[in-house]
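# A closer look at the structure
Chain residues, written in single-letter form:
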Amino acid sequence: MLLSVVIVSWNTRDLLRACLVSLKEEIATMPNPADVEVFLVDNASADGSVRCIEGMFPQVQIIRAGFNLGFAGGVNLGIAAAGGDPVVLLNQDC
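Structural notes, computed from the coordinates. (Residues numbered from 1 in each chain as written. Predicted model: local features only at pLDDT ≥ 70, side-chain atom pairs only at ≥ 80, totals over all residues. Heavy atoms only, no water.)

### Description of the environment of asparagine 43
To be explicit about the condition: The way it works is that DSSP assigns letters per residue, a run of H or I at least four long becomes a helix, a run of E at least two long becomes a strand, and they are numbered from the N terminus. Here, two residues are considered to be in contact whenever any of their heavy atoms come within 4.5 Å of each other. The term polar contact refers here to a pair of N or O atoms within 3.5 Å; inside protein, the definition further demands a hydrogen-donor-capable atom paired with an acceptor-capable atom, and it admits residues adjacent in sequence only when both atoms are side-chain atoms.
Tracing the sequence through the fold places asparagine 43 in the loop between strand 2 (36–42) and helix 2 (49–56). For the pair asparagine 43 and isoleucine 63, spaced 20 residues apart in sequence, the C-alpha separation works out to 8.8 Å. Each residue touching asparagine 43, except ones within four places of it in the same chain, is listed here: Val8, Ser9, Trp10, Ala65, Phe67, Asn68, Leu69, Gly70 and Gly74. Within the local environment of asparagine 43, its side chain forms a polar contact with the backbone nitrogen of leucine 69, the two atoms lying 3.2 Å apart.

Below is the structure:
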């Protein structure tokens, strides 16, 4: 079973980095970590979020929205790309 995680971000580089560190640690405890895909939908951040995540977390699939779609629009974009069932929506500040 493939599990998809979708995170929507806009100018939250530091929160996002901490979230992905924690998520990576949690995924590592799962019986089959390869069955988890992580998507970051970036709503045109200007704080270097994408560059940071590309370098630190190459396994994260980044979707560049091109402009700020808001939370709902970003979530919909991420869900459309996700192949898992279930899809988990994760806020970077949790």
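### Digging into the state of the cysteines
Convention followed: Here, a disulfide means two cysteine sulfur atoms that sit within 2.5 Å of each other. Buried, partly exposed and exposed residues are distinguished by accessible area as a fraction of the type maximum, computed with a 1.4 Å probe on protein chains only: under 20%, between the cut-offs, and over 50%, respectively.
A full pass over the atoms with the stated rule returns 0 disulfides. Of all cysteine sulfurs in the structure, the one in cysteine 19 sits closest to cysteine 52, which takes part in no disulfide; the separation is 12 Å. As a non-bridged cysteine, cysteine 94 has cysteine 19 as the owner of its nearest cysteine sulfur, 5.2 Å distant. The exposure class assigned to cysteine 94 is exposed, which follows from its relative accessible area of 69%.

### A word on the pairing of strand 3 (residues 61–64)
For clarity, the cut-off: Strand pairing follows a simple DSSP-based rule, namely that at least 2 bridges must link the two strands.
Here 4 bridges tie strand 2 to strand 3, and the two strands are oriented parallel to one another. Counterpart to leucine 40 in the pairing with strand 3 is isoleucine 62.

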